[in-house]
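Coordinate analysis (summary)
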Amino acid sequence: MGFKTQYDIEVDFEVPKKIPWYYAPFFAAFWLILYVAVVVTQINHLPNALNRKDEIDHPDAFIAERAEMQLINLSRIGPKVVGSEANEVTAVNFLRQQIEEVKAQASDYFQFEVDVQLATGSYVHWSMVNMYQSIQNVVVKMSAKDSTSENYLLINSHYDSVPGSPGAGDAGSMIVVMLEVMRVIAKSNGPLKHPIVFLFNGAEENPLQASHAFITQHKWANNCKALINLDAAGSGGREVLFQSGPEHPWLMRYYRKVPHPFATSMGEEIFQAGIIPSDTDFRIFRDYGGVPGFDMAYIFNGYVYHTEYDRVNIISKRSLQNTGDNVVVLAKGVANAPEMDNPEDHAEGHVIFYDFLGWFMVFYTQTIGIVINVVVCVIALLAIAVSLFFMHARSGLPMKGVLMRYLTIFAIQIVSLALAAGLTALVAVFMDGVGRPLTWFSETWMLIGLYFCPMFFGMGILPAYYLEKTKKDKLSLGFRIQLFMHSHCLFLIILTIVLTSIGLRSSFMCMMAVLFDIAALIINLITKWHRRAYWFAFAAMICQILPFLYYTSIAHATYFTMIPMAGRSGSGSNPDLLIAGIAIFMALLFAGFIIPLFFFFRKTRTIIGSFLAITILFIIIAVTPAGFPYKAKTATQRYSLIHVQRTLHNSDGSVRLHESGIYVYPQDRNKDSADEYIKAIGEKHKVSEYCDAEMFCGMPLYNHRWHKARERSFWIPTEEDPNLPGPRPTLTLTNSYKLDSDETKRFEFNLQGPDHMTIFIGLKGDAKIFNWSFNDTMLREQWEQPYFIYFSYGKDESRALDFSVDVEKASGSFEMPSLEIGIGGHWIHQKIVRTPKYQQFVESFPEYSSVNDWIATYESWYF
């Protein structure tokens, strides 16, 4: 009887009065303030920029002011498109001059070799043969005069840009970082155990041609054993390390020493999954040269990426300082690394890496990651089991009763998570369905109400109802709330095991959530605070601060990377679903153990319901003019336009179609927003309407992305022919003759035209191509025809391409056409004179638009 009295007293202590509801906003504000004060501040933190006058006190430091002055001069050249004088002459002369200045300041410890590579080659890039002729690289090898090492560190970035963009961020900023890093190292007295090759890449945007030229043809390529690749998908901020290796964890030992780390292997898996609509030279060096290394890029302010607004005035010196500080340390570390003697001896599998708010780095191999994940999950299961046993012992309920409650609550938790994810996805579908996608594009604060609040509501409303209905349960409120937290932990344990089993390194994200929750549970069990609801909640809250900071920092960086990309990822998919998916995943990690703490407040259902009210309020805002997604210059809507003249020939050489029109390629979900401007110039047709009748739609598709977007691109026939900046491409059949048998025949052609052309080859009847002078991958792997060849040339005086196609016909009759060849000519950097109506059409786009346009022709023949 004495035991029962003591137990009754303790149970009363376990069931405290609920906290007044009006404290709940302060609890929510605590987390919001923590995010703003720590995460936002730290994510945007950049070091103070050093000026040239500071060099006296910092002789071995990266000087941001000098890099900025170089960037100003480089940007003044304007757009640097492959084949243009700006790219092939002016930019190359600028780089050679800067290199000579570095050599003049270098100490006697170093020697330099400078080479301007002129290269021709090809490879298959996604769904096309990517063929280049006479493109350029400016290459510098810096080494110690007494060096005998044959293993080099390669540092790469590109100085070319897309049409219409000065390319200050992408990637002029990285070019000047390389120049200043070279100067800093050259002025020192070493040591430099292994030479450094600085590759100033002249054709990355073409795409990725110059890196392929270097790694497959240059005299120093085989000696390059490690890589630092520098690029940009934004303009300024902190550069992120998003790819490393592969399979060389030793590299991270040197990245860990950089002063401003910002890295995540989750970004590597996202990038390699193709979610991000970009590619970098890193893949070329990895796939064609087997060179492991680092892939680093600016990711913030991607709104200006590949637009006319990518200018030097929006890149801060502090951004250059941040990157320069890191690259100097990384270059010196890797160039002097003993692992560089035999890098392959240190290939130990993939690596998991991440930083914490830029304060420190964590990295370990994937094998160790599997062990950590399993150990944490096992400990977590044991800790939950111990907690359930103590609940049984303290409540007087049989163990079966506690387990049944846990299973019931786990089921409610799973349904709650499904409800939360479903509501969040429903908002995304609704916003797209009512024609209001991208409402968060320029006003990123909209994300909180649109996609995080429905997650919070869904995660909390069913548990709130359950706790209300079971308030007379023998198991105390504190224990029942703990069961909800244990249920969420069990869900994350299962998720961790599943993701680990399928080989995803990003499973560490789920593991860390389990780790910190179990840390709180173990503390509560040891201190017996699990018996006291408020103390238990306090320990849980404290242990959630670090994971909250980490997960919200990842969410912040992910959103500020992905949101601008939604403006150029095409109109084929609903971008709101991607944004909602990020919210779902991140909320599962950082909110799953915080939402249950709201259950300690009175009027719990009202508090949780307020998240739904906020969502409804934000939806209302989003469908009003306040939710308009675009802003002039800073968050623009992108269009690519081509004024095209196309001519299609019959088999006898006569013309069966000759017309001009405007090709419209909208680059985001709001593909119909230009309809009112289109009506003023002509009738809109989907490009895909022409695809069944004509090879590659009978259009001068610029690259594989344009082909993928044909369902969402438009053709507007017009009466005006474009003003061609030069002679249209000419395709000449120079020779044709039978080969070894009557069934085989070779066709030899000469093609002349502008420095960017597309070649489309299709077959007629029973014809089959068994060989050609292009890259043979498509034939060897038996790709379906028609075939897509992208061809460009740089510093090329001949401006011609000779190629041959070998055709086999089982019938042996070549009287009927065997081949259809279409040629698209693109004048993407030349000065153009728009026709009056076309000029009016371009000018009709609103101020918030970013329009990139050029002139093209398309002509096809049968042979």
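Reading the values: the criteria
Residues numbered from 1 in each chain as written. Predicted model: local features only at pLDDT ≥ 70, side-chain atom pairs only at ≥ 80, totals over all residues. Heavy atoms only, no water. Helix = DSSP H or I, 4+ residues; strand = E, 2+ residues; numbered from the N terminus. Buried < 20%, exposed > 50% of the residue type's maximum accessible area, 1.4 Å probe, protein only. Contact = heavy atoms within 4.5 Å. UniProt positions renumbered as here; feature names shortened; annotations may be inferred. Domains from an automatic or database assignment. Buried area = accessible area lost by both parts, 1.4 Å probe. Salt bridge = Lys/Arg side-chain N within 4 Å of Asp/Glu carboxyl O. Polar contact = N/O pair within 3.5 Å; in protein donor to acceptor, adjacent residues only side chain to side chain. Nonpolar A, V, L, I, M, F, W, Y, C, P; charged D, E, K, R; others polar. Axes fitted to C-alpha atoms, helices over the stretch in contact; angles between N-to-C directions. Parallel < 35°, antiparallel > 145°, perpendicular 65-115°, else oblique. Left-handed = near helix turned anticlockwise from the far one by under 90°.

**Concerning unusual backbone geometry**
Note that the residue after Asn-206, namely Pro-207, is joined by a cis bond; omega there is 10 degrees. One can find Pro-207 in the loop between β4 (196-201) and α6 (209-217). Backbone torsion omega between Gly-245 and Pro-246 reads 5 degrees, so that peptide bond is classified as cis. Mapped onto the fold, Pro-246 is located in the loop between β6 (239-245) and α7 (250-255). Backbone geometry places Lys-633, a non-glycine residue, at a positive phi of 70 degrees. Considering the arrangement of structural elements, one finds Lys-633 in the loop between α18 (604-622) and β10 (637-649).

**Considerations on the environment of Ile-621**
Here Ile-621 shows up in helix α18. Residue classification places Ile-621 among the partly exposed positions, given a relative accessible area of 23%. Those residues in contact with Ile-621 that sit more than four places away from it in its chain are Trp-445, Met-446, Ala-626 and Gly-627.

**Quick notes on the UniProt feature "domain: Endoplasmic reticulum metallopeptidase 1-like C-terminal" (unreviewed entry) in the protein**
Here, UniProt's "domain: Endoplasmic reticulum metallopeptidase 1-like C-terminal" (unreviewed entry) annotation points to residues 634-861. End C-alpha atoms of residues 634-861 are separated by 45 Å, and the span's content is 10% helix alongside 45% strand.

**Focus: the domain arrangement of the protein**
How big an interface is tends to be expressed through the accessible area that disappears when the partners come together. With domains assigned, the protein is organised as domain 1 (21-40 + 367-627), domain 2 (52-349) and domain 3 (637-862). Computed from C-alpha coordinates alone, the two centres of domain 2 and domain 3 are separated by 34 Å. Tallying the contact residues gives 36 residues for domain 2 and 28 residues for domain 3. Per-residue buried area on domain 2 facing domain 3 is highest for Val-129, Met-131 and Gln-133; these three make up 27% of the total on that side. Across the contact surface, domain 2 and domain 3 share zero salt bridges. Our count for the domain 2 to domain 3 interface comes out at 18 residue pairs in polar contact (both at pLDDT 80 or more). Sorting elements by how many residues they give to the side of domain 2 that touches domain 3 places strand β2 (residues 128-144) first, with nine residues. Across the side of domain 2 that touches domain 3, the residue classes tally to 18 nonpolar, 16 polar and two charged.

**A short note on the packing of helix α2 (residues 24-43) against helix α16 (residues 533-565)**
Packing of α2 against α16 leaves a shortest axis separation of 10 Å and a crossing angle of 50 degrees. Relative to α16, α2 is oriented oblique. Once α2 is placed against α16, the crossing between them reads as right-handed. Contacts between α2 and α16 involve Phe-27, Phe-30, Trp-31, Leu-34, Tyr-35, Val-38, Val-39, Val-40 and Ile-43 from the first element and Met-541, Gln-544, Ile-545, Phe-548, Leu-549, Thr-552, Ser-553 and His-556 from the second.

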